[in-house]
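# Secondary and tertiary structure notes
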Amino acid sequence: MEKEYQFKLIEGQFSPSEAGRVLFTLINSKVNFHNLEVFSNQIRFKEEDHPSKIRIKTLLDTSEYIKELIKEGSLKDMELKIDGVIQIVLIPKVKSELNV
């Protein structure tokens, strides 16, 4: 039986500069995580970590889009309302033939 948990990590209205600090800290942390995954897989297994490379590209694209929103918010003297909810679901581990 799956159970879902939700945690509100970011909530509120922020100035463009505050929003940038919050969002880019989060994005940069995720990019660093995936860069370490890529590096680790290269060292340990001599292989590229394709899913992490794709995720890094997605995060960097998102970062560029957010920069534009922050720029627009600054130019129009607006604040950015951010709601960041994290959902966690505990699910049974899928058993592969190797785990049996």
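Data block above holds the structure.
Let me begin by describing the structure that accompanies this report.

Reading the values: rules and limits
- Residues numbered from 1 in each chain as written.
- Predicted model: local features only at pLDDT ≥ 70, side-chain atom pairs only at ≥ 80, totals over all residues.
- Heavy atoms only, no water.
- Helix = DSSP H or I, 4+ residues; strand = E, 2+ residues; numbered from the N terminus.
- Rg over C-alpha atoms; globule rule 2.2 N^0.38 Å.
- Buried < 20%, exposed > 50% of the residue type's maximum accessible area, 1.4 Å probe, protein only.
- Contact = heavy atoms within 4.5 Å.
- Areas by Shrake-Rupley, 256 points an atom, 1.4 Å probe, with all protein chains shown as cover.
- Salt bridge = Lys/Arg side-chain N within 4 Å of Asp/Glu carboxyl O.
- Core = buried A, V, L, I, M, F, W, Y, C linked by side-chain atoms within 4.5 Å.

### Section: the overall build of the protein
Looking only at helices and strands, the protein has two helices and two strands in total. Listing the helices and strands of the protein from first to last along the sequence gives β-α-α-β. Here the protein has a C-alpha radius of gyration of 18 Å; the compact-globule value for 100 residues is 13 Å, and the former is much larger. Overall, the protein is about 60 × 40 × 15 Å in size when its C-alpha atoms are taken along their principal axes. By residue count, 23% of the 100 residues in the protein fall in the buried class. By sequence separation, contacts in the protein at least 24 residues apart represent 79% of the contacts at least 6 residues apart. Counting only carbon and sulfur atoms, one obtains 58% of the accessible surface of the protein, whose full area is about 8,300 Å².

### Points about the pattern of salt bridges
Summed over the entire model, instances satisfying the criterion amount to six salt bridges. We note a salt bridge from K57 to D61, for which the minimum N-O separation is 2.8 Å. You can see K57 and its partner D61 sitting in helix α2 (residues 50-75), four residues apart, about one turn around the helix. Here D61 falls in the partly exposed class, since its relative accessible area comes to 41%. Here the salt bridges do not stand alone but share partners, grouping K8, E11, K81 and D83 into one network.

### So, the nonpolar core
Counting 14 residues, the largest nonpolar core has I27, I66 and I82 as the members making the most contacts within it. Elements represented by at least two residues in this core include exactly β1 (3-14), α1 (16-45), α2 and β2 (80-90). Ranked by residues supplied to this core, first place goes to α1 with six residues. What I27 contacts, discounting residues up to four positions off in sequence, is L59, T62, S63 and I66.

### Remarks on unusual backbone geometry
Of note in the backbone geometry, D77 takes a positive phi value of approximately 50 degrees without being a glycine. Among the structural elements, D77 can be located in the loop between α2 and β2. D77 sits in the exposed class, given a relative accessible area of 74%.

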